[in-house]
Structures are given as C-alpha cells and as structure tokens.
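Close look at the chain arrangement
Next come the chains, spelled out residue by residue.
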Amino acid sequence: MSVAHVPEFRLGKVLATSFTATLTERCGESLERIPVPSRLVDWLAVNGLVVDSCTESQLDHARELRESIHAAATAVAKQEPLPAPAVRVINDCSTHGQASPILTPEGNWEWRLGSASVEDALSVIAADAISIIAGERPGKISLCSSPTCRAAFFDASRGRTRRWCEMNTCGNREKKERFLANKRKNSSPAG
C-alpha cells in the first residue's frame, strides 16, 4: 500500500491570498494543496475556520472562489479591470455565508461562523478578499517574481517592494538559480 504525499500548506498573514496559495506553481507544474475535501477541512481549521465536513461539490465551489480571488488579485496587481465573473463569484460567496467578527477576552478578534458549514467559511475568505482588493488595508497586491509561481500576495512591507510570495520558497529558489548561473559563468574557460 502506497501512501500519497500530501503537500504542506503555505500559510501567510492574509487569509485570502493564503487561500489562493492552496494551488502553487501556477505557471509551472502546478501543485494542488487541497486535492480532496478533507484537506480543505484541514486548511480551514488551521486558519481558525472550523467546519464539520466538506463534500466534493463544496470543494469545487471553494476552488472556484480561490481562482476568482486569484484572477481579481492578478488584475489589481497588473492594474487591469477586475474580471466580472470573478467579482460575481467573490460577491456571491461573501453574501451567502453567515459569519461575524467577535472580540476575544484577550482583546483580539476572530471569526465566528454562523454554522460549521463550508459556505460560512468561504464567506469569510471572500470578505477578506474584498477588503484587500478594494484597498482597505495598508499594503498592495503584487505577483510573485518567480516565473513558475506568479502567485498573488499582499505586500504589507514598509517599502512595498517584496518580490516573492514567500522568501523561503520562491525567493530562495531564485537566489540559488542566480548563484549557480554566476558560478557556471565564472568557472567556464575563457575562450
């Protein structure tokens, strides 16, 4: 019996762009990080959105939201008009769920789902996407400089000059490739 490798989640500080990172290497050999409904349940739980279960249909709906967020975020990063179908999906998901922000005893806030349904969790992700796409938070949406990745990410760094979605993956890979290219160039015999 073989055990299938389950890729780890890429978790960021922004819920919506972390959700789009459940599909990575979009311009290369893409890697689906939520291949089955139970992985979506796991991802939601890691992000504080605990649901009871997930069907194949709900997973398809979640992936539709993910791709809509990515399409809208990509348009923002490229300063292009938002694609109407993506806006429609994001808005539908936002309005079809029931979730509320609540204050914790520690003075922080978290989401409370109206029920433990995937739809309620997706409404939270859609609402988060709306807030960053509409420019309601300090920062900007950018695209990863890795030619195989091109993930949309939210850059809240001081200078808004981040180049990669994650330094420990795409950034390190790019720096390693540049180092090896320079090493090959410098070690080639002069001709």
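Above this text you will find the structure in question.
All of these numbers come straight from a predicted model, not from anything done at the bench.

Procedures and definitions
Residues numbered from 1 in each chain as written. Predicted model: local features only at pLDDT ≥ 70, side-chain atom pairs only at ≥ 80, totals over all residues. Heavy atoms only, no water. Phe/Tyr/Trp six-rings, centres within 6.5 Å; stacked < 30°, edge-to-face > 60°. Helix = DSSP H or I, 4+ residues; strand = E, 2+ residues; numbered from the N terminus. Buried < 20%, exposed > 50% of the residue type's maximum accessible area, 1.4 Å probe, protein only. Core = buried A, V, L, I, M, F, W, Y, C linked by side-chain atoms within 4.5 Å. Contact = heavy atoms within 4.5 Å.

Moving on: the packing of aromatic side chains. In this structure the tally under the stated criterion is two aromatic pairs. Ring centres 5.1 Å apart and planes at 50° place the aromatic pair Phe19 and Trp43 in the tilted group. Of the two residues, Phe19 sits in helix α1 (residues 15–20) while Trp43 sits in helix α2 (residues 37–46), which places them 24 residues apart along the sequence. We classify Phe19 as buried; its relative accessible area is 0%. The class for Trp43 is buried, based on a relative accessible area of 0%. Arranged with centres 5.6 Å apart and planes meeting at 80°, the rings of Trp109 and Trp111 form a pair that is edge-to-face. Judged by relative accessible area, Trp109 falls into the exposed class, the value being 55%.

It is worth spelling out the nonpolar core at this point. Soluble globular proteins tend to bury their nonpolar side chains together. Among the nonpolar cores identified, the biggest contains 36 residues, and Phe19, Leu40, Leu65 and Ile125 are the most heavily contacted of them. For this core, the secondary-structure elements that each account for two or more residues are α1, α2, α3 (56–77), α4 (84–95), α5 (118–133), β5 (140–143) and β6 (152–155). Take this core: its biggest share by element is nine residues, from α5. Sequence-distant contacts of Leu65, that is, excluding residues within four places in its chain, are made with Phe19, Val89, Ile90, Cys93, Leu122, Ile125 and Ala126. Core analysis: the second largest hydrophobic core is formed by seven residues, Cys144, Cys149, Ala151 and Trp164 among them.

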